[in-house]
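Chain and residue survey
Residue strings, one per chain:
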Amino acid sequence: MPDTLHVDVAVIGGGIGGISVASELALDRSVVVIEAEREPGLHATGRSAASYVPSYGPPMVRRLTAASLPDFDALSDEVGRPLLTARPVLYVADAARVPALARILVAQRGGPVREISVSDALHLCPVLRPDVLVRTAIDESASDLDVAGVLEAFAARLRARGGRIVLGGRVTSIRRGLTTWTVQAGPTLVVAGEVVNAAGAWADPVARLAELPSLNIQPRRRSIFLARSLQVRPPAGWPFTLAADETFYFKDEGESVLVSPADATPVEPHDARPDELQIARAIEAVNRMTTLGIRSVAQSWAGLRSFAADGEPVVGGLDRGEGFHWVAGQGGYGLQMAPALARLAAAAIRGEAIPADLAAVGVDAHALAPARLLRGSRGGNRAAAG
Ligand SMILES: Cc1cc2nc3c(=O)[nH]c(=O)nc-3n(C[C@H](O)[C@H](O)[C@H](O)COP(=O)(O)OP(=O)(O)OC[C@H]3O[C@@H](n4cnc5c(N)ncnc54)[C@H](O)[C@@H]3O)c2cc1C
């Protein structure tokens, strides 16, 4: 017998975007999260570099990331362990990357990034090659982020507030009635007053199911791998070390080194697989700048980071009263800004003003609204970084 659920809000997508906004909405609405897979967080959310970097991303992203810090503290208290663990980001430049490092320092003036000497950088990350490094900068406000812990903390809030997660419910049809939406999700039928599209790389296809315009949200593949190093791990751990032109990054992860070619290849939404050529390129680049001597890959994976044309996230509805809202286009920052983005999205869905702490730091709801992507747009998604 097929299940029929009647709720105020149906959230499509059980990644960090969907579960975090659902947990906010569950404070005063009945909410169900619908996830196609048998587990939440299997796509972009479960495949990340697990970093919180306040200096990373376009302006609204950086503000939302900084504003999320108190939320991460509250979530840490709820799960009884710290969800952020300090780990600075070290931006590194050899001679060819010096202009890129100079651009970072200009763009981040007044922010958390500052130049440090090459010898200080070598002290922090002794595997860097002194004969190759020319300039370096550091962001000491960055951290590692416990992704599973954050997702679980939001899911626990959602359940405690009466919300539900339906797994194995791939949405195949979204029909609008006079006052409600009817969403077919596998064997489950969900009848909801409002729909939230938090489908990650599938945000445009989900909007098309509802016969609404695509916003040209482009999934971009990024690969990551774990490799063994012959180097001894320093007691305090290395920084998250990022080439100034974002052509690779690495950090220590247990006994291994986690490396990414920082690829951003535009692809159709799919279950992403790592790009072997990009991995080979990253091994060459990392070995050129370090003494790691990486020879082989122990494990690799890939995920899709999804971008709107201007690189900022997409939050809210089209102001046409349909009751269809986006929480999408989080690019490479969907974890680090998730708590503030969820509060912003919940306020937009309730028709409330932007939360005061976000307004105070200059978060602008219009700069994130979906309508900006339809105005005078002919497609063409250029955002690649982040
Ligand atoms: C390699 C890599 C490194 C990254 N590193 C970082 C980092 O260090 N810090 C950071 O903040 N961010 C990082 N990100 C970005 C971050 O992972 C994403 O921004 C974030 O996870 C997006 O969350 P989401 O919920 O929108 O997407 P997803 O986690 O992809 O969730 C979307 C969900 O929607 C479901 N879905 C899609 N279509 C349907 C349908 N029709 N019916 C039902 N369900 C559906 C999918 O199954 C999926 O589970 C990284 C991403 C990648 C790939």
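Nothing here was measured: the structure is a model prediction, and the numbers come from that model. (Residues numbered from 1 in each chain as written. Predicted model: local features only at pLDDT ≥ 70, side-chain atom pairs only at ≥ 80, totals over all residues. Heavy atoms only, no water.)

**Observations concerning the domain arrangement of the protein**
One frequently used descriptor of interface size is the decrease in accessible area upon assembly of the parts. Domain assignment breaks the protein into domain 1 (3-50 + 147-216 + 310-373) and domain 2 (88-141 + 218-306). Summed over both sides, the interface between domain 1 and domain 2 buries roughly 1,100 Å², with carbon and sulfur atoms accounting for 53% of that surface. Counting across the domain 1 and domain 2 interface gives 1 salt bridge. The partner of R47 in a salt bridge is D271, and the shortest N-O contact between them spans 2.7 Å. Viewed at the interface, domain 2 and domain 1 are joined by 8 residue pairs in polar contact (both at pLDDT 80 or more). (Domains from an automatic or database assignment. Buried area = accessible area lost by both parts, 1.4 Å probe. Salt bridge = Lys/Arg side-chain N within 4 Å of Asp/Glu carboxyl O. Polar contact = N/O pair within 3.5 Å; in protein donor to acceptor, adjacent residues only side chain to side chain.)

**A word on the site of the ligand**
Near the ligand, the surroundings consist of 38 residues, among which E35, T45, S51, V171 and Q336 are the closest. Within the backbone of I16, a nitrogen or oxygen atom sits 3.2 Å from an oxygen atom of the ligand. Within the contact set of the ligand, an oxygen atom lies 3.0 Å away from a backbone nitrogen or oxygen of G334. About the coverage of the ligand: the protein hides 96% of its 1,000 Å² of free accessible area. The set of elements that each furnish at least two residues to the shell around the ligand consists of α1 (16-25), β13 (218-228) and β18 (297-307). Looking at the shell around the ligand, the element that brings in the most residues is β18, giving 3 residues. Classifying every residue of the shell around the ligand by side-chain character gives 16 nonpolar, 16 polar and 6 charged. (Near = heavy atom within 4 Å. Areas by Shrake-Rupley, 256 points an atom, 1.4 Å probe, with all protein chains shown as cover. Helix = DSSP H or I, 4+ residues; strand = E, 2+ residues; numbered from the N terminus. Nonpolar A, V, L, I, M, F, W, Y, C, P; charged D, E, K, R; others polar.)

**A closer look at helix α6 (residues 147-160)**
Every α-helix carries 3.6 residues per turn, so stepping three or four residues along brings you back to the same face. In a regular helix each residue adds 1.5 Å, so 14 residues correspond to 20 Å; α6 covers 20 Å between its end C-alpha atoms and thus fits that length. Within α6 the residues assigned to the buried category are V147, G149, V150, L151, A153, F154, A155, R157 and L158. Those residues of α6 that are buried lie in contact with α1, β2 (31-34), α3 (69-79), β8 (143-145), β9 (164-166) and α9 (338-350). Capping the start of α6, D146 holds a side-chain oxygen 3.5 Å from the backbone nitrogen of A148, two or three residues further along. Phi turns positive, to about 95°, at G162, one or two residues after α6. (Expected span 1.5 Å × (residues − 1). Buried < 20%, exposed > 50% of the residue type's maximum accessible area, 1.4 Å probe, protein only. Contact = heavy atoms within 4.5 Å.)

**Section: the packing of α1 against α9**
One can describe the packing of α1 onto α9 by two numbers: an axis separation of 8 Å at closest approach and a directional angle of 55°. In terms of orientation, α1 lies oblique with respect to α9. The crossing of α1 and α9 is right-handed. Between α1, through I16, S20, V21, E24 and L25, and α9, the contact on the second element is made entirely by A338, A342, R343, A345, A346, I349 and R350. Of the residues assigned to the contact of α1 with α9, the class counts are 8 nonpolar, 1 polar and 3 charged. (Axes fitted to C-alpha atoms, helices over the stretch in contact; angles between N-to-C directions. Parallel < 35°, antiparallel > 145°, perpendicular 65-115°, else oblique. Left-handed = near helix turned anticlockwise from the far one by under 90°.)

**Looking at the pairing of β2**
Burial along β2 is two-sided: V31 and V33 facing one way and V32 and I34 facing the other are all buried. Pairing geometry for strand β1 (residues 3-12) and β2, over 4 bridges, is parallel. Paired with V9 across the bridge in β2 is V31. Pairing between β2 and β9: 3 bridges, direction parallel. By the bridge assignment for β9, I34 is matched with V166. (Pairing = 2+ DSSP bridges.)

**Quick notes on the environment of P54**
With respect to the helices and strands, the residue P54 is situated in the loop between β3 (51-52) and α2 (59-67). Residue classification places P54 among the buried residues on the basis of a relative accessible area of 13%. The residues touching P54, leaving out its near neighbours within four places in the chain, are R62, T65, D139, S141 and A142.

**A look at the pattern of salt bridges**
Overall, the coordinates contain 20 salt bridges when judged by the stated rule. One salt bridge connects E78 with R157, and the closest N-O pair in it is separated by 2.9 Å. Residue E78 is found in helix α3, and its partner R157 is found in helix α6; the two are separated by 79 residues along the sequence. A salt bridge links K251 to D144; the nearest nitrogen and oxygen atoms lie 3.1 Å apart. You can see K251 sitting in strand β15 (residues 249-253) and its partner D144 sitting in strand β8, a full 107 residues away along the chain.

**Observations concerning the side chain of K251**
Look at K251 and you get buried, because its relative accessible area is 2%. With near-sequence residues (within four places) excluded, K251 lies in contact with A49, A50, S51, R87, D144, W238, P239, F240, S256, V257 and L258.

**Focus on the nonpolar core**
In this structure, V11, V21, L64 and Y91 are the most contacted members of the largest nonpolar core, which totals 69 residues. Sorting elements by how many residues they give to this core places α9 first, with 8 residues. In this structure, V11 is in contact with G18, V21, A22, V31, V32, V33, I34, V196 and A198, ignoring residues within four places of it in sequence. Core analysis: the next-biggest nonpolar cluster, separate from the first, contains 30 residues, A10, I174, A203 and A210 among them. (Core = buried A, V, L, I, M, F, W, Y, C linked by side-chain atoms within 4.5 Å.)

**Some words on unusual backbone geometry**
The residue E211 is not glycine, and still its phi comes out positive at about 60°. Relative to the helices and strands, E211 resides in the loop between α7 (203-209) and β13. With relative accessibility at 73%, the residue E211 sits in the exposed group. For N216, which is not glycine, the phi torsion reads 60° and is therefore positive. Position of N216 relative to the elements: it lies in the loop between α7 and β13. We classify N216 as partly exposed; its relative accessible area is 25%.

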